[in-house]
Amino acid sequence: MRMYDLIRKKKDGAALSREEIDWMIQGYTRGEIPDYQMSAMAMAICFRGMDERETGDLTLSMRDSGDTVDLSGIKGIKVDKHSTGGVGDKTSIALLPLVSSLGLKIAKMSGRGLGHTGGTIDKLESIPGFTTSLEMDRFVKQVDEIGIALMGQTAELAPADKKLYALRDVTGTVDQMSLIASSIMSKKLAAGADAIVLDVKSGSGAFMQDPKDAKALAEAMVRIGKHAGKKTRALITNMDQPLGNAVGNAIEVREAIETLKGKGPADFTELVLELGSRMLILGGLAEETAEARERLQKAIDDGSALEQLKRFVKAQGGDVSCVEDESLLKLADQTMELAAPCDGYVERIECAEVGMSSLLLGGGRETKTDVIDPSVGILLHKKVGDAVKKGESMATLYVSDRTKGEAALKRLGAAYHVGGEAAVAQSIILDEVI
Ligand code: URA
């Protein structure tokens, strides 16, 4: 086979065969196909698309490009969860200990922040001592012993995706449905769970801004999961404004802990209960949503979810006193307030811009080598639909560096749209794909 012929075939709109996709992906992973040919292929896919069979084949080929995790030694149905990424998305930190407190085994591989979206690993590392650099043996043993473990994705997991993603990132070929679906699902399938619950974000803070595109992506990923023999479901959830009130690292962990103490923001608590109920159902621990939600709520009310978070943090070297008293998670000493420009209502918040404001404070990376400051962040006091009075604080910024604070405050101010209309915030769950 020749890559030249495959590029031309895709450029002319034909479907690639399973053998052609395998040959291309394995050759690219081994460095036998150069980046310039793979870039041309990615661009041809952007213009011509891939059908369902090709997308499935691409996913399996990328899954098989490296190691796969074997969780078969752990008893019970292992359920994984994946979010397509958003602003203020600290869901895993509350959700995973919660479902695991009810007996679900959680073996989670997570990533770091990408662009304006934060990453679970960066957030968890704001707990002093907490490590996600686990050896595979320890990871599996911890899941078996306490029911939950979380580690960073290893370089050997779906290496074809790692390479292709980096290439797409710099060639304007990220936002193609088949490429996104196969990228996410190749990693999920390699991570070894029996069932997968997907949280596909939609709105101004998500990769998919239009709900129709988010639904199409959810459908594509659910199809791939089922095709690979995994029970898979997706919720399409609102990312038109940040999730909860906290955006940053330590500040988001604080909010996740508060949520397991029953004091979380309504939208975030609702998302945790809805995703958790799907996880319990796929894991065979509940028949239907109402029953599952009741069990999850009880685990929050009786403190068992919080106890499980403590076990999890302790097992990974973290300081448990920060879970008992979340105010021990250090926030930056200086604060700046975003004052409302006039009387009125918050009509809209440009969600990705809130993520960028947090990044400017030092809460995310502008370059690969940047070091995150876990203590900076933003606490939103006003969200869409809330009434404001001129001069009242709509958000507090926790700031380590005054110059960065000024830039972030300016950007956050431009993200808030205050006017005379009392807009109604959309509900957090927009749709579901089963
Ligand atoms: N996240 C991924 O892992 N891959 C994509 O292509 C987009 C988001």
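The structure presented is a predicted model; accordingly, all values stated were derived computationally and were not measured. (Residues numbered from 1 in each chain as written. Predicted model: local features only at pLDDT ≥ 70, side-chain atom pairs only at ≥ 80, totals over all residues. Heavy atoms only, no water.)

Caption draft 1: Just the packing of helix α1 (residues 3–11) against helix α2 (residues 18–29), in detail. α2 packs onto α1 with a crossing angle of 125° between their chain directions and a minimal axis gap of 11 Å. Classed by the angle they form, the pair α1 and α2 counts as oblique. Helix-helix and strand crossings are classified by hand; for α1 and α2 the assignment is left-handed. Every residue of α2 that contacts α1 at Met3, Leu6 and Lys9 is listed here: Glu20, Trp23 and Met24. Broken down by class, the residue content of the contact of α1 with α2 amounts to four nonpolar, no polar and two charged. (Axes fitted to C-alpha atoms, helices over the stretch in contact; angles between N-to-C directions. Helix = DSSP H or I, 4+ residues; strand = E, 2+ residues; numbered from the N terminus. Parallel < 35°, antiparallel > 145°, perpendicular 65-115°, else oblique. Left-handed = near helix turned anticlockwise from the far one by under 90°. Contact = heavy atoms within 4.5 Å. Nonpolar A, V, L, I, M, F, W, Y, C, P; charged D, E, K, R; others polar.)

Caption draft 2: Region of the structure containing the packing of aromatic side chains. For the structure shown, the criterion picks out one aromatic pair. Taking 5.6 Å as the distance between ring centres and 75° as the angle between the ring planes, the aromatic pair formed by Phe130 and Phe312 counts as edge-to-face. Residue Phe130 is located in the loop between α6 (120–124) and α7 (136–146), and its partner Phe312 is located in helix α14 (residues 304–315); the two are separated by 182 residues in the primary sequence. In this structure, Phe130 and Phe312 share a single accessibility class: buried. (Phe/Tyr/Trp six-rings, centres within 6.5 Å; stacked < 30°, edge-to-face > 60°. Buried < 20%, exposed > 50% of the residue type's maximum accessible area, 1.4 Å probe, protein only.)

Caption draft 3: Layout of the domain arrangement of the protein chain. Looking at the protein chain, the domain boundaries give domain 1 (3–49), domain 2 (79–324) and domain 3 (331–419). On a C-alpha basis, the centres of domain 2 and domain 3 stand 25 Å from each other. Taken together, the contact between domain 2 and domain 3 spans 24 residues of the former and 23 residues of the latter. Roughly 1,800 Å² of surface becomes buried between domain 2 and domain 3 when both sides are summed, with 60% attributable to carbon and sulfur atoms. Among the residues of domain 2 in contact with domain 3, Gln241, Asn245 and Ile251 are the three that bury the most area, contributing 29% of the side total. Taken together, domain 2 and domain 3 are joined by two salt bridges. The salt bridge involving Asp122 is made with Arg365; its shortest N-O contact spans 2.9 Å. Of all the secondary-structure elements, those providing two or more residues to the side of domain 2 that touches domain 3 are β6 (246–248) and α11 (250–260). (Domains from an automatic or database assignment. Buried area = accessible area lost by both parts, 1.4 Å probe. Salt bridge = Lys/Arg side-chain N within 4 Å of Asp/Glu carboxyl O.)

Caption draft 4: Inspection of the sheet that holds strand β7 (residues 334–339) at higher detail. Reading across from one edge, β6-β9-β11-β7 is the order of the four strands in this open sheet, with antiparallel pairing throughout. The sheet is open, and its two borders are formed by β6 and β7, each paired with just one other strand. Here the average twist between neighbouring strands, direction ignored, is 20°. Here six bridges tie β7 to strand β11 (residues 393–399), and the two strands are oriented antiparallel to one another. When the sheet's bridge partners are listed, Leu338 is paired in β11 with Ala395. Those strands touched by α11 are β6, β9 (377–380) and β11, and its axis lies near 145° from that of β6. (Pairing = 2+ DSSP bridges.)

Caption draft 5: Region of the structure containing the site of the ligand. What surrounds the ligand is the set Tyr165, Arg168, Ile180, Ser183, Ile184 and Lys187. Between the ligand and Lys187, the relevant distance is 2.5 Å, taken from an oxygen atom to a side-chain nitrogen or oxygen of the residue. For the shell around the ligand, the leading source of residues is helix α9 (residues 177–190), giving four residues. Across the shell around the ligand, the residue classes break down as three nonpolar, one polar and two charged. (Near = heavy atom within 4 Å. Polar contact = N/O pair within 3.5 Å; in protein donor to acceptor, adjacent residues only side chain to side chain.)

Caption draft 6: Molecular detail of helix α3 (residues 35–48). Under the 1.5 Å per step criterion, the end-to-end length of α3 is 20 Å for 14 residues, consistent within 8% with the ideal 20 Å. For α3, the complete set of buried residues consists of Met38, Ser39, Met41, Ala42, Ala44 and Ile45. Against the buried residues of α3 lie α1, α2, α8 (159–171) and α9. (Expected span 1.5 Å × (residues − 1).)

Caption draft 7: Local environment of the nonpolar core. Counting residues in hydrophobic clusters, the biggest one holds 81 residues, and the most contacted among them are Met279, Val354, Ile378 and Leu397. Ranked by residue count, the leading element in this core is helix α12 (residues 266–282), at nine residues. When sequence neighbours within four positions are dropped, the list of residues in contact with Met279 reads Val79, Asp80, Lys81, Leu95, Leu96, Val99, Leu104, Ile106 and Val197. Counting residues in hydrophobic clusters, the runner-up holds 20 residues, among them Val200, Met221, Val222 and Ile236. (Core = buried A, V, L, I, M, F, W, Y, C linked by side-chain atoms within 4.5 Å.)

Caption draft 8: Region of interest: the environment of Leu285. The residue Leu285 is located in the loop between α12 and α13 (289–301) in this model. Since its relative accessible area comes to 27%, Leu285 is described here as partly exposed. Leaving out residues up to four positions away in the same chain, Leu285 has contacts with Leu102, Gly103, Leu104, Leu280, Glu291 and Arg295.

Caption draft 9: Here's a closer look at the sheet that holds strand β5 (residues 231–238). Pairing is mixed across the open sheet formed by four strands, whose spatial order is β1-β4-β5-β13. Strand pairing shows two members of the sheet lacking a second neighbour, β1 (79–83) and β13 (429–433), which therefore form its edges. For this sheet, the mean inter-axis angle between neighbouring strands, taken without regard to orientation, is 20°. Alignment of β1 against strand β4 (residues 195–202), held across five bridges, turns out to be parallel.

Caption draft 10: Just the environment of Ala292, in detail. Take Ala292: it is sitting in helix α13. With 16 residues separating them along the chain, Ala292 and Gly276 place their C-alpha atoms 7.8 Å apart. Among residues more than four places away in sequence, those in contact with Ala292 are Ser277, Leu280 and Ala286.

Caption draft 11: Just the pairing of strand β8 (residues 344–349), in detail. The sheet contact formed by β8 and strand β10 (residues 387–388) spans two bridges and is antiparallel. Paired with Tyr345 across the bridge in β10 is Ala387.

Caption draft 12: Focus on the side chain of Thr269. The topology assignment puts Thr269 in helix α12. Given a relative accessible area of 17%, Thr269 falls into the buried group. A polar side-chain atom of Thr269 sits 2.8 Å from the main-chain carbonyl oxygen of Pro265.

Caption draft 13: Representation of the side chain of Ser182 within the structure. For Ser182, the location among the structural elements is in helix α9. The class of Ser182 is buried, set by a relative accessible area of 0%. In terms of polar contacts, Ser182 uses its side chain to reach the backbone carbonyl oxygen of Leu179, at 3.2 Å. Sequence-distant contacts of Ser182, that is, excluding residues within four places in its chain, are made with Thr55, Leu58, Thr59, Met62 and Ile224.

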